[in-house]
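# Tertiary structure, described
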Amino acid sequence: METPESSAAGRLAVVMGRIAAAAGAAGRDAGSVRLVAVSKLQPEERIAGALDAGHRLFGENRVQEAEARWPAFRERFPDIALHLIGGLQTNKVRAAVKLFDVIETVDRPRLAAALAREFERTGRALPCFVQVNTGDEPQKGGVAPAGLDSFLDRCRTEYGLDVVGLMCIPPAEDPPGPHFAFLREAARRNGLAGLSMGMSADFETAIRFGATHVRIGSAVFGARG
Ligand SMILES: *Cc1c(COP(=O)(O)O)cnc(C)c1O
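### A look at the overall build of the protein chain
- The number of helices and strands found in the protein chain is nine helices and eight strands.
- Computed over C-alpha atoms, the radius of gyration of the protein chain comes to 17 Å, within 12% of the 17 Å expected from 2.2 N^0.38 for 225 residues, which places it in the range of a compact globule.
- Its C-alpha atoms give the protein chain principal-axis dimensions of about 55 × 40 × 30 Å.
- Expressed as a percentage of contacts within the protein chain between residues at least 6 apart in sequence, the contacts between residues at least 24 apart total 59%.
- Looking at the protein chain as shown, the accessible area adds up to about 10,400 Å², and 52% of this sits on carbon and sulfur atoms.
- Averaging the positions of the 28 positive and the 27 negative side-chain charges in the protein chain gives two centres separated by 2 Å.

Now the structure itself:
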């Protein structure tokens, strides 16, 4: 049976409360942390529950899955904002730019170039985060830390991207704090305000380290199917 704690609205309220508490404990304004509710692989009724509760900012990691359901939600809720938080192949750039409002996973020159071309072609230039592979994990997307500053420089000067921040997914087996600290310092050094970091298991730590966007899935919607 659905209790307030198991409904999307109830879970959302609990997570918003935890975000506010973590921000307060860090001496930060609760409004300085945005919740990107990660709806990948979630049943539509849970997403509808979050929308009915007033939430409008969501994250999806696959273009095709997002294309299958967000246009219909958008008709009912035109003020939805969608972040792409998964790796983007260049052959999906056109669909991604049409559907998403922010691209969080820019991580290589070929992708930056393809995005720049599509922004130019459509006149729809989206804010971007650069994803950083803070753990240097071979299977994970993201720019290697050693190449970050020069890649950012190219994104801005060569491709003219509107880079608004950095994003990372720390290795599952590491304590996340040092990765968040690294990202914060890299953002500061490069004059970037946005820090997308922190998921269900570690968002309070991320907020302590300055996260401006926390990407939370299972704590908001329940376990994925
Ligand atoms: C799935 C996912 C999340 C959310 O994970 P939870 O542990 O369910 O909060 C956050 N960021 C990215 C990039 C993801 O793919």
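### Let's talk about the site of the ligand
- What surrounds the ligand is the set Val38, Lys40, Ile85, Met167, Ile169, Met199, Ser200, Arg215, Ile216, Gly217, Ser218 and Arg224.
- Contact distances for the ligand include 2.9 Å between a nitrogen atom and a side-chain N or O atom of Arg215.
- Its free accessible area being 390 Å², the ligand has 89% of it covered by the protein chains.
- Each residue belonging to the shell around the ligand can be placed in one class, and the counts come to six nonpolar, three polar and three charged.

### As for the pattern of salt bridges
- Counted according to the given criterion, the structure contains 13 salt bridges.
- Measuring nitrogen to oxygen at the nearest pair gives 3.1 Å for the salt bridge that ties Arg69 to Glu60. Neither residue differs from the other here; Arg69 and Glu60 are each classed as buried.
- The salt bridge partner of Arg69 is Glu65, with a shortest N-O separation of 3.2 Å. Pair noted here: Arg69 and Glu65 are both in helix α3 (residues 63–76), with a separation of four residues, about one helical turn.
- Members of the salt-bridge network, linked through shared partners, are Glu60, Glu65 and Arg69.

Criteria and cut-off values
- Residues numbered from 1 in each chain as written.
- Predicted model: local features only at pLDDT ≥ 70, side-chain atom pairs only at ≥ 80, totals over all residues.
- Heavy atoms only, no water.
- Helix = DSSP H or I, 4+ residues; strand = E, 2+ residues; numbered from the N terminus.
- Rg over C-alpha atoms; globule rule 2.2 N^0.38 Å.
- Contact = heavy atoms within 4.5 Å.
- Areas by Shrake-Rupley, 256 points an atom, 1.4 Å probe, with all protein chains shown as cover.
- Lys, Arg positive; Asp, Glu negative; His and termini not counted.
- Charge placed at Lys NZ, Arg CZ, Asp CG, Glu CD.
- Near = heavy atom within 4 Å.
- Polar contact = N/O pair within 3.5 Å; in protein donor to acceptor, adjacent residues only side chain to side chain.
- Nonpolar A, V, L, I, M, F, W, Y, C, P; charged D, E, K, R; others polar.
- Salt bridge = Lys/Arg side-chain N within 4 Å of Asp/Glu carboxyl O.
- Buried < 20%, exposed > 50% of the residue type's maximum accessible area, 1.4 Å probe, protein only.

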